[in-house]
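Residues per chain, in single letters:
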Amino acid sequence: MRRLRALLSGVATAALATAGLAAFAAQQASGASADATALSNRWYAAAPYLMPHDNNPPDAGAIMDASGLKAFQLAFVLAPNGGGCSPTWDGTSPVSSDTAVASVISAIRAKGGDVSVSIGGYGGTKLGQTCSDAAATAAAYQQVITKYQLKAIDFDLEEPEYENTAAIAREIGAAKILQQNNPGLYVSVTTAGTADGTGWFGKQMLNEAKAQGFTPNNFSIMPFDGGFSGAAAQTSALTNFNAILRSTFGWDEATAYAHEGFSGMNGRSDTGEYFTQADFQTVLDFATGHHMDRFTFWSLNRDRQCTPPDNNGKTSGTCSSVAQSDWDFAKYSVKFAGVTPPTTTPPTTPPPTGSCTAAAWSSSAVYTGGNTVSYGGHTWKAKWWTQNETPGSTGEWGVWQDLGPC
């Protein structure tokens, strides 16, 4: 979740926070999303992250059909880029006037699924940094819960916010208020992972939760971007994090695991670590074997193969940089939810007939809109100016249009 995700008056608000769901719902009913039927908490615990505005968002319905997935973790709700204590998507799109994400949610629910919303993430300005106190912060998040009729919410508390003790106190206080005012709300708290479990700021966040008497459904760590090498390093970090939870809250091992979660990164991480399907299976076995509460990953936008599969040794926000079929990693979340993913047969592509007449693509050539090239037995047309972007790669913008086999 880290660098890729960066691409991306007081009395009245306090009264709103304490009023809870019902009063605010009456005000906002006309802007609410389609009716939500709650899934089991296990599905919300398994929901992978999906950015509905950025990183070439995939079609959620197609993912559901192909993988059996039912729940999505939509990311991220932030403070407005210009400042203030009102929720926005990615700092730019006010939740109050949103129709785009509401449409995505309605489509998911129409197919029997549901969503959780993640607040925070890496980079950007968080509401805990801009709102005046916990009540005001909770009031902002209540708007999100009410508009989208949420049954689950994720507090992604990491850099740079989790280095701000006052902001973290407001976030934890807000989470506690929301938990009290929305009975049954599934609440996860996600933070950075280290080889020792979590770092100094993560431990301070846990101490803040203890001081406020707040216990979410789980505390999840992200064991990547920290010198991890495959599943063994990740399960070791999860074991160490369990010890931290035990020492902080006085829980026994089983209780700590029942409040612990894993949030991974599929494929190549920001720092060049690699986590394959085999790694995900190993961590999944660890999570289910220890009765952990959550298993998720960043992200569905990346759950597809790059072209070439290794993406030339680069990390992408739109593909995994490892060899895979679309939505391979989503199926591990489906398994965690206790469901067997559907068996799919990859479509066969007829071999190209004839030979390509367009000139072969060159990494050093400059192409402008309308230029055609041949690559991989297909003819490709440039949509606009480009250089050194491989045809077929999802890339950042998807400059090449596939005109089909030669």
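The present account deals with the structure reproduced in this document.

What counts and how
Residues numbered from 1 in each chain as written. Predicted model: local features only at pLDDT ≥ 70, side-chain atom pairs only at ≥ 80, totals over all residues. Heavy atoms only, no water. Disulfide = S-S within 2.5 Å. Helix = DSSP H or I, 4+ residues; strand = E, 2+ residues; numbered from the N terminus. Buried < 20%, exposed > 50% of the residue type's maximum accessible area, 1.4 Å probe, protein only. Core = buried A, V, L, I, M, F, W, Y, C linked by side-chain atoms within 4.5 Å. Axes fitted to C-alpha atoms, helices over the stretch in contact; angles between N-to-C directions. Left-handed = near helix turned anticlockwise from the far one by under 90°. Contact = heavy atoms within 4.5 Å. Nonpolar A, V, L, I, M, F, W, Y, C, P; charged D, E, K, R; others polar.

**What about the state of the cysteines?**
In step 1: Tallied over the full model, the rule gives 2 disulfides.
In step 2: Bridging Cys 85 to Cys 131, the disulfide has an S-S length of 2.0 Å. Between Cys 85 and Cys 131 the sulfur-sulfur dihedral comes to about 100°; the bridge is accordingly right-handed. Linking Cys 85 in the loop between strand E2 (71–78) and strand E3 (88–89) with Cys 131 in the loop between helix H7 (127–130) and helix H8 (134–148), this pair joins segments that are 46 residues apart in sequence.
In step 3: With relative accessibility at 26%, the residue Cys 85 sits in the partly exposed group.
In step 4: With a sulfur-sulfur separation of 2.1 Å, Cys 306 is cross-linked through a disulfide to Cys 319. Its torsion about the S-S bond being 100°, the disulfide of Cys 306 and Cys 319 is classed as right-handed. Placement of the pair is Cys 306 in the loop between strand E12 (294–298) and helix H14 (330–336) and Cys 319 in the loop between E12 and H14, with a sequence separation of 13 residues.
In step 5: The class for Cys 306 is buried, based on a relative accessible area of 1%.
In step 6: The class for Cys 319 is buried, based on a relative accessible area of 1%.

**As for the nonpolar core**
In step 1: Counting residues in hydrophobic clusters, the biggest one holds 96 residues, and the most contacted among them are Phe 72, Leu 74, Tyr 148, Phe 155, Phe 219 and Phe 295.
In step 2: When residues of this core are assigned to their parent elements, the largest contribution, 8 residues, is made by H8.

**Examining the packing of helix H10 (residues 200–212) against helix H11 (residues 230–249)**
In step 1: The interhelical angle for the contact between H10 and H11, taken along N-to-C directions, is 35°, at an axis separation of 10 Å. The chirality of how H10 crosses H11 is right-handed. Here Lys 203, Leu 206, Asn 207, Ala 209 and Lys 210 of H10 come into contact with H11, specifically with Phe 241, Ile 244, Leu 245, Thr 248 and Phe 249.
In step 2: Classifying every residue of the contact of H10 with H11 by side-chain character gives 6 nonpolar, 2 polar and 2 charged.

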